[in-house]
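What the coordinates show
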Amino acid sequence: MNKILMVLFCFVALNMQARQVITGNLTDKETTKPVEGANVELLQLPDSSTVEQSKTNSEGFFAFYKGDTIKTYCVRIKHMVYKTRVSAVPKKKSMINNLGAIALDPNTYNFKEIVVNGSKVKVTELGDRTVYGIPDGIKKTSTDGLDVLRKVPSVQVDYLNEDITVNGKTNIKIEVDGITRDKEYLKRLHPTQVDKMEVITSPSGKYDADVDAVINIVTNPAMKFGLKGMVSAMGFPISGESYMGRVNGSLDYGMEKISYYVAGNGMLNHFDINSNMSRISGTNDLERISNQMNKGNNENVNVGLIYDPNELNNLNVNVSLNNISSNVNGDTWNYNRSNNLMNSIFKTETNSSSIRNGLTSSLFYKHKFDKKTQHGFEVELKYNKSLNNTSGNDYRNIDFNPIDTIARFAGLWQNEKSKTNTQTLTGQTNYTLPFDSVYSFNAGISGNYNKYNIDNTSTLIQAPNLDYTDLRLGGYAELSRNFKKGSVKVGSRFETSWVTINTVEGGHYFSPLPYANGSLKFNDNHSIKLSYSRRVIRPGVGQLNPLESYVDSLTISRGNINLKPAYRDNFQFTYNVKVTLGKVTLNLAPQLFYEYKTGLIQTIVIQKDSSKIFESVPYNVSNGYEAGSGLSVNSQIGKVMFNSNFRYSFNHIDRYVDLNNITQIDARNQRSWNWNSFMMFPIPWDLKVIAMLNLNGPVLDGQTETKMSPFYFVGLVKQFKNNSTLNIIAFNPFASRFFDSTSALRSNSIFQQTNTYMKTTAAFAVMYSYNFKVGKSIEKQKRNLEQPVEDSNFKLPF
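Given the structure is predicted, the values throughout are model-derived calculations rather than measurements.

Scoring rules and cut-offs
- Residues numbered from 1 in each chain as written.
- Predicted model: local features only at pLDDT ≥ 70, side-chain atom pairs only at ≥ 80, totals over all residues.
- Heavy atoms only, no water.
- Pairing = 2+ DSSP bridges.
- Helix = DSSP H or I, 4+ residues; strand = E, 2+ residues; numbered from the N terminus.
- Axes fitted to C-alpha atoms, helices over the stretch in contact; angles between N-to-C directions.
- Salt bridge = Lys/Arg side-chain N within 4 Å of Asp/Glu carboxyl O.
- Buried < 20%, exposed > 50% of the residue type's maximum accessible area, 1.4 Å probe, protein only.
- Core = buried A, V, L, I, M, F, W, Y, C linked by side-chain atoms within 4.5 Å.
- Contact = heavy atoms within 4.5 Å.
- pLDDT = per-residue confidence, 0-100.
- Patch = residues over 30% accessible without salt bridge, like charges linked within 9 Å, V, L, I, M, F, W, Y side chains within 5 Å.
- Areas by Shrake-Rupley, 256 points an atom, 1.4 Å probe, with all protein chains shown as cover.
- Lys, Arg positive; Asp, Glu negative; His and termini not counted.
- Charge placed at Lys NZ, Arg CZ, Asp CG, Glu CD.
- Phe/Tyr/Trp six-rings, centres within 6.5 Å; stacked < 30°, edge-to-face > 60°.
- Lys NZ or Arg CZ within 6 Å of the ring centre and 35° of its normal.

**Overview of the sheet that holds strand β35 (residues 614-620)**
- Judged by pairing direction, the sheet is mixed, and its three strands sit side by side in the order β31-β35-β34 without closing on themselves. Pairing within the sheet leaves two strands with one partner each, and these edge strands are β31 (555-557) and β34 (601-607). Adjacent strand axes in the sheet meet at a mean angle of 35° when their direction is disregarded.
- Relative to β35, β31 runs parallel, the two being bridged by three bridges. Across the sheet, residue S557 finds its bridge partner in β35, namely S616.

**Some details on the pattern of salt bridges**
- Within the structure shown, the criterion is met by 30 salt bridges.
- Between E349 and R396 there is a salt bridge, with its nearest N and O atoms 3.0 Å apart. One end of the pair, E349, is in strand β21 (residues 341-368); the other, R396, is in strand β23 (residues 389-400), and 47 residues separate them in sequence.
- Look at E349 and you get buried, because its relative accessible area is 14%.
- Judged by its relative accessible area of 22%, R396 is partly exposed.

**Remarks on the nonpolar core**
- The biggest cluster of nonpolar side chains holds 47 residues, and the ones touching the most others in it are L149, V155, I164, I215, I217, F236 and F731.
- With near-sequence residues (within four places) excluded, I215 lies in contact with L149, V155, I164, V166, I172, K173, I174, E175 and E198.
- Of all hydrophobic cores here, the second largest spans 17 residues; its members include I22, F64, L99 and L104.

**Comments concerning unusual backbone geometry**
- Cis peptide bonds are those with omega within 30 degrees of zero, and the linkage from L45 to P46 qualifies with 15°.
- Mapping P46 onto the fold places it in the loop between β2 (39-44) and β3 (49-55).
- A positive phi is found at D177, a non-glycine position, where the angle reads about 55°.
- Here D177 is to be found in the loop between β12 (172-176) and β13 (179-181).
- Even without being a glycine, F734 presents a positive backbone phi close to 75°.
- Along the polypeptide, F734 turns up in the loop between β45 (724-731) and β46 (737-746).
- Using a relative accessible area of 89% as the deciding quantity, one classes F734 as exposed.

**As for the confidence of the model for the protein**
- The predicted model of the protein averages 84 in pLDDT, with 92% of residues at 70 or higher.
- The least confident element of the protein, judged by mean pLDDT, is strand β49 (residues 788-790) at 41; the most confident is strand β22 (residues 376-386) at 94.
- Scored below 50 in pLDDT, residues 109-118 makes 27 contacts in the model with residues more than four places away or belonging to other chains.
- The low-confidence segment residues 776-798 (pLDDT under 50) makes 56 contacts with residues lying over four places distant or belonging to another chain.

**Structural notes on a positive patch on the surface**
- On the surface, R19, K66, K71 and K485 cluster together to form a positively charged patch.
- Tracing the backbone shows K485 in the loop between β27 (466-483) and β28 (486-501).
- The exposure class assigned to K485 is partly exposed, which follows from its relative accessible area of 44%.

**Observations regarding the environment of L251**
- With respect to the secondary-structure elements, L251 resides in strand β17 (residues 243-254).
- Expressed as a C-alpha distance, the spacing of L251 and V231, which sit 20 residues apart in the sequence, is 9.0 Å.
- Setting aside anything within four residues of it in sequence, one finds L251 in contact with L227, K228, G229, Y260, Y261, V262 and F772.

**Details of the sheet that holds strand β8 (residues 122-125)**
- Taken together, six strands build an open sheet; the order of strands is β8-β9-β14-β15-β12-β13 and the sheet is mixed. Either end of the sheet is taken by a strand with one partner, and the two such strands are β8 and β13. Across this sheet, the average inter-strand angle for adjacent strands is 25°, counted without regard to direction.
- In this structure, β12 lies alongside strand β15 (residues 213-219), joined through five bridges in parallel fashion.

**Brief notes about the packing of aromatic side chains**
- A complete count under the given rule lists 20 aromatic pairs for this structure.
- With 4.8 Å between their ring centres and 35° between their planes, Y532 and F571 make a pair best called tilted. In this pair, Y532 is assigned in strand β30 (residues 526-537) and F571 in strand β32 (residues 566-581), connecting sequence segments 39 residues apart.
- By relative accessible area, which is 39% here, F571 ends up partly exposed.
- Geometrically, the ring pair formed by F711 and F738 is tilted, given 6.1 Å between the ring centres and 50° between the ring planes. Of this pair, F711 sits in strand β44 (residues 711-719) while F738 sits in strand β46, and the two are 27 residues apart along the sequence.
- In this structure an aromatic cluster arises from ring pairing among F236, F711, F713, F731, F738 and F739.
- Above the plane of the ring of Y261 lies R188, whose end atom (NZ or CZ) is 4.2 Å from the centre.

**Considerations on a nonpolar patch on the surface**
- The grouping of L251, V262, V301, V303, V319, L321, L359 and L387 at the surface amounts to a nonpolar patch, some 590 Å² of accessible area in total.
- Mapped onto the fold, V319 is located in strand β20 (residues 313-338).

**A closer look at the environment of A63**
- One can find A63 in strand β4 (residues 61-68).
- Taking C-alpha positions, A63 is 5.7 Å from I22, a pair spaced 41 residues apart along the chain.
- In this structure, A63 is in contact with I22, T23, S54 and K484, ignoring residues within four places of it in sequence.

**Some remarks on the pairing of strand β25 (residues 414-435)**
- Two elements, β22 and β25, share ten bridges in a ladder whose sense is antiparallel. Paired with K382 across the bridge in β25 is T426.
- Bridging between β23 and β25 involves seven bridges; their strand directions are antiparallel. Bridge assignment links S391 to a residue of β25, and that residue is S418.
- Strand direction decides the pairing type here: β25 and strand β26 (residues 439-458), joined by 20 bridges, are antiparallel. By the bridge assignment for β26, T426 is matched with N448.
- Between β25 and β26, which pair antiparallel in sequence order, lie three residues; one of them, D436, sits at a positive phi of approximately 55°.

This is how it looks when you write it as structure tokens:
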């Protein structure tokens with residue numbers, strides 16, 4: 001009996017010794033960046049039978065758990081964008097056999113003649129992000145990189161100001177290939193340069209704590225060679241009084257180790273905005289009818305270089321110049337009634353102007369210590385200096401007789417002016433250390449110096465100035481582990497800041513900001529992920545500016561220098577499922593979320609004493625929370641592509657009592673929703689139909705509830721053989737109003753409702769874009785995945 005047990009023990013010991021975990025990571029040979037989504041097979045030799053299969057994650061990592069120390073293996077790697085590669089697995093007696101970094105040769109494509117059969121959407125869910133592979137259909141119907149972003153689920157880019165939001169959040173960080181950029185930089189990207197987009201809704205400690213989400217655009221490395229450029233123009237008439245136009249152009253020259261680029265864009269707009277407001281306060285009623293003519297123009301220029309001397313180093317330099325100017329001329333009629341009797345009529349005439357321009361320069365450097373792993377560090381520096389930031393208001397009131405409406409008195413013109421000088425310097429360094437094949441340790445430190453000096457003047461009062469300085473130091477550390485069917489990441493960011501307002505210490509804040517996320521993949525079609533993060537909401541300069549504005553003589557507005565940061569704790573659970581039925585492919589991602597908010601910053605309208613004058617001031621009001629569910633759909637139904645993102649939320653805000661023990665906000669509940677969808681399908685004559693729909697439910701902000709009208713469009717896209725594209729799009733057809741919104745303000749002393757809109761007769765846009773490439777020839781590939789690139793010393797026996 002003892003001999004039998006001894007034999008069994010030896011057999012188990014030998015078997016345990018033979019078992020081996022085989023790991024490695026894939027990188028792009030040209031950019032050294034991780035390759036995600038590659039299919040890796042472990043083949044046993046000499047019969048080349050498949051032992052196990054794996055797919056690389058966002059770090060390019062793969063792992064096999066059925067290896068054996070006494071057997072001979074090779075790995076076969078397949079990816080749509082890269083040439084198939086077969087590599088030998090060296091024999092090792094250790095429990096873990098790390099193959100290190102395996103570099104893949106990218107397939108290259110003809111810039112002038114990109115041909116992709118099919119346009120199925122590929123969606124990859126990772127622990128902290130969702131990765132969207134951009135299909136050829138979206139690229140061909142887009143004018144630039146920002147236009148591609150418009151068609152990604154969960155991301156909204158409005159068509160007037162081009163503001164970017166993700167699931168309703170506004171503080172969005174833009175990256176291109178992991179380097180901080182802005183939305184103007186996206187306009188220099190030709191759509192064919194965009195390979196995929198990563199939407200990070202649970203940012204790690206690498207990013208500042210006030211960042212709500214991160215959008216990282218991953219470009220196609222094959223597009224960096226040669227001289228290439230693009231130009232686009234758009235005309236957007238809305239009505240006889242409202243219109244908008246945009247132009248955009250870029251030039252890019254890439255060599256083997258260095259690329260240069262210059263890009264510029266501009267916008268001109270003229271909007272006729274109307275608003276009607278009614279206010280009820282006790283026995284007093286106010287009716288206001290306003291018309292504003294808005295004229296504006298934006299310009300931006302980007303120049304820079306990208307230097308890759310070798311596979312271990314990367315340097316990026318960018319300089320951008322921005323200018324935003326606007327002029328607003330308005331007439332506002334005010335009708336005041338008391339006990340239903342008209343007691344005054346007056347008109348407010350306003351002439352407002354604003355100029356904001358500045359220069360931003362940035363430097364990014366990344367170094368890897370070896371080719372086989374992601375071990376390395378990166379440094380990023382950014383400096384912004386305002387050049388001429390001024391805003392001013394000229395206004396006067398004209399009094400009319402309420403009986404015969406004849407003008408009887410015109411007040412003197414008054415003036416308010418603010419001149420802002422802004423300087424910001426930010427720096428950050430990040431360090432990555434992979435170890436034991438499945439672990440990765442990341443750490444970093446950052447510093448932010450922000451100085452805002454606002455010189456306020458007013459002909460009506462002695463206007464106070466604002467001298468605001470914020471020195472913020474931060475750091476983070478995180479540990480992640482990859483499993484065969486998932487990953488886990490745990491970390492925390494720490495921020496400490498010293499705020500000085502008008503030479504007075506404004507506060508010292510220390511914020512620990514933990515975060516964690518994990519994902520579990522059941523199979524190729526089912527996976528889940530769970531994330532938690534704590535974020536900061538800092539007050540903006542406009543919310544801090546103490547200048548009292550009397551442009552609206554019935555509602556005085558000012559900032560509040562006593563505002564403190566607010567915080568959010570966010571939890572998200574997402575289930576991902578892929579369904580394929582013939583020519584129908586559905587990627588569904590239902591989600592549950594909960595966010596608890598403390599010290600919310602919201603604007604409160606308060607009646608001053610017993611007068612008819614009100615004051616509008618931001619305060620740190622009470623706490624609240626938001627809970628709800630969402631559904632993201634990415635689908636290909638035959639030749640029809642349909643993307644959709646729907647969110648339903650329940651919002652609650654606690655009761656807010658001011659320092660005078662007066663309730664300014666009652667405890668309130670509000671249900672809201674958002675639905676953003678995009679559809680595209682081909683029709684005869686080589687045309688494509690595109691359509692978009694955006695629906696928003698009521699939004700609660702303190703005392704105010706806002707409702708927006710639906711926004712939608714339908715259009716045709718024609719791509720010509722000379723690399724040009726023509727888009728004709730009709731916005732909100734059959735609607736008489738454009739960007740129609742209604743807001744209702746409720747407090748213990750006032751009810752106010754405001755309706756704002758633009759009149760429209762035929763809102764349509766005509767967009768034309770053209771791109772070219774000259775110089776180095778780039779060979780067109782057929783994407784033959786069965787054509788392997790083999791190691792020089794290894795041949796497959798089949």
